[in-house]
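# Structural description and commentary
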Amino acid sequence: MIIAVDGPAASGKGTLALGLARHYGLPHLDTGLLYRAVGVASQAYENTDQFDSEAIAAARALDATQLTDIETLTSSEAGSLASKVAVIAEVRRALFDFQRSFALQAGGAVLDGRDIGTKICPDADVKLFIQADSKARMERRARQFEARGQTVDRYALFHQIEERDARDMLNPNGGFYKADDAHLLDTTQLSIEAALRAAIAIVDKSMALKAGEHSFS
Ligand code: C5P
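Structure report, in brief. All values derive from a computational prediction rather than experimental measurement. (Residues numbered from 1 in each chain as written. Predicted model: local features only at pLDDT ≥ 70, side-chain atom pairs only at ≥ 80, totals over all residues. Heavy atoms only, no water.)

## Digging into the overall build of the protein
Looking only at helices and strands, one finds 10 helices and 5 strands in the protein. Relative to the 2.2 N^0.38 estimate, which gives 17 Å for 217 residues, the radius of gyration of the protein is 17 Å and therefore close to what a compact globule would have. Seen through its C-alpha atoms, the protein measures out along the principal axes to roughly 60 × 35 × 30 Å. Relative to its 217 residues, the protein shows a buried fraction of 46%. The long-range fraction of contacts in the protein, counting pairs at least 24 apart against all pairs at least 6 apart in sequence, stands at 78%. When the accessible surface of the protein is split by element, carbon and sulfur atoms take 55% of a total near 11,000 Å². When the 24 positive and 30 negative side-chain charges of the protein are each reduced to one mean point, those points stand 3 Å apart. (Helix = DSSP H or I, 4+ residues; strand = E, 2+ residues; numbered from the N terminus. Rg over C-alpha atoms; globule rule 2.2 N^0.38 Å. Buried < 20%, exposed > 50% of the residue type's maximum accessible area, 1.4 Å probe, protein only. Contact = heavy atoms within 4.5 Å. Areas by Shrake-Rupley, 256 points an atom, 1.4 Å probe, with all protein chains shown as cover. Lys, Arg positive; Asp, Glu negative; His and termini not counted. Charge placed at Lys NZ, Arg CZ, Asp CG, Glu CD.)

## Description of the nonpolar core
Nonpolar side chains tend to gather and get buried jointly when the protein is soluble and globular. Counting 19 residues, the largest nonpolar core has Tyr-35, Val-38, Ala-55, Leu-62, Val-91 and Leu-95 as the members making the most contacts within it. Contributing elements (two or more residues each) for this core: α2 (32–41), α3 (51–61), α5 (76–85) and α6 (89–103). Setting aside chain neighbours within four positions, we find Val-38 in contact with Ala-55, Ala-58, Ala-59, Leu-62, Val-85, Val-91 and Leu-95. With 17 residues, the next largest nonpolar core counts Val-5, Ala-21, Ala-195 and Ala-199 among its residues. (Core = buried A, V, L, I, M, F, W, Y, C linked by side-chain atoms within 4.5 Å.)

## Description of the site of the ligand
Lining the immediate environment of the ligand, one finds 15 residues, of which Arg-36, Arg-92, Asp-115, Arg-164 and Asp-168 sit closest. At a separation of 3.0 Å, a nitrogen atom of the ligand approaches a polar side-chain atom of Thr-31. The contact in question runs from an oxygen atom of the ligand to an N or O atom on the side chain of Arg-92, over 2.8 Å. Out of a free accessible area of 450 Å², the ligand has 97% covered by protein chains. Per element, the largest residue contribution to the shell around the ligand is 3 residues, and it comes from α2. (Near = heavy atom within 4 Å. Polar contact = N/O pair within 3.5 Å; in protein donor to acceptor, adjacent residues only side chain to side chain.)

## Quick look at α6
A rise of 1.5 Å per residue sets the reference length of α6, with its 15 residues, at 21 Å; its end C-alpha atoms lie 21 Å apart and thus fit the reference within 8%. The axis of α6 is deflected most strongly, by about 30°, at Phe-96. Buried residues of α6: Val-91, Arg-92, Leu-95, Gln-99, Arg-100, Phe-102 and Ala-103, and no others. (Expected span 1.5 Å × (residues − 1). Bend = angle between axes of the 7 residues up to and from the residue.)

Following this line, the structure appears as structure tokens:
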């Protein structure tokens, strides 16, 4: 079973994808980490003419050892750099095969990101599109940073999230929209536990419907 989980920054998609992966015993890939790692690797060239070519080279050379420094990769700076390298078509192409092979491994997988249901796994068994209003997303991200002992300027964080949303939505090479066959889950008013219960209910119902369709064909 392949489960695709998409949604904007700090919508809760990563937490939900991990919860689904644990619930169904599937491997999980946070695809945002790939873009974040490429962004961090190209940081020294930000605002130079070499930024694109360095990002493309970094995407082509990316390996799993660059995905382990979670604290650096999940910083807001890395998020912002990720959204800058994510607009480069060659970067997206270079990261496609890794994501696609992960999805196609025996037994299936859960992937979360922006374009999983639209581009990486248009054939996923179940697609979820996670949404939450900007203020709720900012507050969740702020609490994550505070839990690490960081001081958070909520006004600046809100601005950063809005800026990243805008860059992502305008990404000409993105595909950051809800796939027609994706289930929308708004987590604004939901606790993590309630959101996970809702996501599991959607997956179970979709798989039961699919099994029913197959038994009729
Ligand atoms: O999901 P996360 O916030 O970690 O993603 C960081 C950035 O990486 C996003 O803002 C987006 O620009 C990019 N991204 C992408 N495609 C994905 C996942 C993330 O372009 N599948």
